[in-house]
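This is what each chain is made of:
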Amino acid sequence: MEQKKLDRINELARKSKTVGLSEEEKTEQTALRNEYRKSVINNLQSQLNTCTIIDKNGNKKKVTPKD
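Residues numbered from 1 in each chain as written. Predicted model: local features only at pLDDT ≥ 70, side-chain atom pairs only at ≥ 80, totals over all residues. Heavy atoms only, no water.

Points about the overall build of the protein chain
Scanning the protein chain from terminus to terminus reveals 2 helices and 2 strands. Taken over C-alpha atoms, the radius of gyration comes to 19 Å for the protein chain, far larger than the 11 Å a tight globule of 67 residues would show. For the protein chain, the spread of C-alpha atoms along the three principal axes comes to 60 × 25 × 20 Å. Scored against the burial criterion, the 67 residues of the protein chain give a buried share of 10%. Put simply, of all contacts in the protein chain between residues at least 6 apart along the chain, 28% involve residues at least 24 apart. When the accessible surface of the protein chain is totalled, it reaches about 6000 Å², and 50% of it is carbon and sulfur. If you average the places of the 15 positive and of the 10 negative side-chain charges in the protein chain, the two averages end up 8 Å apart. (Helix = DSSP H or I, 4+ residues; strand = E, 2+ residues; numbered from the N terminus. Rg over C-alpha atoms; globule rule 2.2 N^0.38 Å. Buried < 20%, exposed > 50% of the residue type's maximum accessible area, 1.4 Å probe, protein only. Contact = heavy atoms within 4.5 Å. Areas by Shrake-Rupley, 256 points an atom, 1.4 Å probe, with all protein chains shown as cover. Lys, Arg positive; Asp, Glu negative; His and termini not counted. Charge placed at Lys NZ, Arg CZ, Asp CG, Glu CD.)

Structure (C-alpha cells):
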C-alpha cells in the first residue's frame, strides 16, 4: 500500500477523534481501511507460503492451510 494512502488513513483517524468525519470521509476511511486489511492479509499469506517446518528428524514440511 502506498505511503500516501497510509498517511490519509491516519489523517482521517485523527480527524474522527477531534472534530468528526462527514459521511463522504467515513466512506473513504472504510474503503482505505479495507484496502489496508487486504494488503496485510496478502503479505501474511505470501510469507506463510514460503515457510517450512522442520520436525525432530530433520524432515521439511511446507506450511499448508488448514481446512
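Further notes follow.
Some thoughts on helix α1 (residues 3-18)
With 16 residues, α1 should cover 22 Å at 1.5 Å per step; its first-to-last C-alpha distance of 23 Å lies within 8% of that length. Regarding α1, the residues found buried are Ile 9, Leu 12 and Ala 13. Projected down its long axis, α1 shows its buried positions confined to an angular sector of 100°, all on one face. Exposed and facing more than 90 degrees away from the buried side of α1 are Gln 3, Lys 4, Arg 14 and Thr 18. Close packing links the buried residues of α1 with α2 (23-49). With its phi angle positive at about 95°, Gly 20 sits one or two positions after the end of α1. (Expected span 1.5 Å × (residues − 1). Arc of directions from axis to C-beta.)

Examining the confidence of the model for the protein chain
Per-residue confidence for the protein chain gives a mean pLDDT of 93, with 100% of residues at or over 70. Confidence, read as mean pLDDT per element, is least for strand β2 (residues 60-62) in the protein chain (90) and greatest for α1 (96). (pLDDT = per-residue confidence, 0-100.)

Details of α2
In a regular helix each residue adds 1.5 Å, so 27 residues correspond to 39 Å; α2 covers 39 Å between its end C-alpha atoms and thus fits that length. The inward-facing, buried residues of α2 contact α1.

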